[in-house]
Amino acid sequence: MRCIGKGAESAVMFCGIMNLPPPPTKFNNNLLQAARETCEESMAEAVHEAVEENEGGRDIAVAVDGSWQKRGFSSKNGVVTVTSVDTGKVIDVEILSKHCICPNKTKHLQNCKRNFVGYSGKMEVTGRLTILNHCCAAVEALSGEPI
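Please read these numbers as outputs of a predicted model, since none were measured by experiment. (Residues numbered from 1 in each chain as written. Predicted model: local features only at pLDDT ≥ 70, side-chain atom pairs only at ≥ 80, totals over all residues. Heavy atoms only, no water.)

Draft legend 1. Layout of the sheet that holds strand S1 (residues 62-68). The strand order across the open sheet formed by 3 strands is S1-S2-S3, and the pairing between neighbours is antiparallel. This sheet does not close on itself; its edge strands, each paired only once, are S1 and strand S3 (90-97). Strand-to-strand twist across the sheet, computed as the mean angle between neighbouring axes with direction ignored, equals 15°. (Pairing = 2+ DSSP bridges. Helix = DSSP H or I, 4+ residues; strand = E, 2+ residues; numbered from the N terminus. Axes fitted to C-alpha atoms, helices over the stretch in contact; angles between N-to-C directions.)

Encoded structure:
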């Protein structure tokens, strides 16, 4: 429930309304893992559809867009999505966060969610570069030739 901005109490209320037993303590982790797996499968299928739509060509037209949790340039969270122009489906996504809950801000914990440092307006550019690097690495792995 935390991935949609709700806490443990909301999970208890949701389960009560749906006539389900109370959620286990690892409810959020299980839900997050299921959402990740579904997202990855859906995006992989969208890539295959875009390639088929392009008659097998791997040079597909995409639109890249960034968004923030808050308007202006003060947001701590942002997301960059790559969408196929032909199918309109999301092909890749990169989530960026400046939020850190570590007690020692100079030495981050293993599970720290912060993966971006800088001003919020730069999140979109960083996300684009990260996605481009993912794509290049995947193509190199498939073809065996550097790009």
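More follows now that the structure is in view.
Draft legend 2. How the structure looks around the pattern of salt bridges. This model, assessed by the stated rule, comprises 2 salt bridges. Residue Lys-89 is joined to Glu-49 by a salt bridge in which the shortest nitrogen-to-oxygen separation is 2.7 Å. With a gap of 40 residues between them, Lys-89 in the loop between strand S2 (77-84) and S3 and Glu-49 in helix H2 (residues 27-53) connect regions that are remote in the sequence. Of the residues examined, Lys-89 reaches a relative accessible area of 37% and is grouped as partly exposed. In this structure Glu-49 comes out as partly exposed when scored by relative accessible area, which is 25%. (Salt bridge = Lys/Arg side-chain N within 4 Å of Asp/Glu carboxyl O. Buried < 20%, exposed > 50% of the residue type's maximum accessible area, 1.4 Å probe, protein only.)

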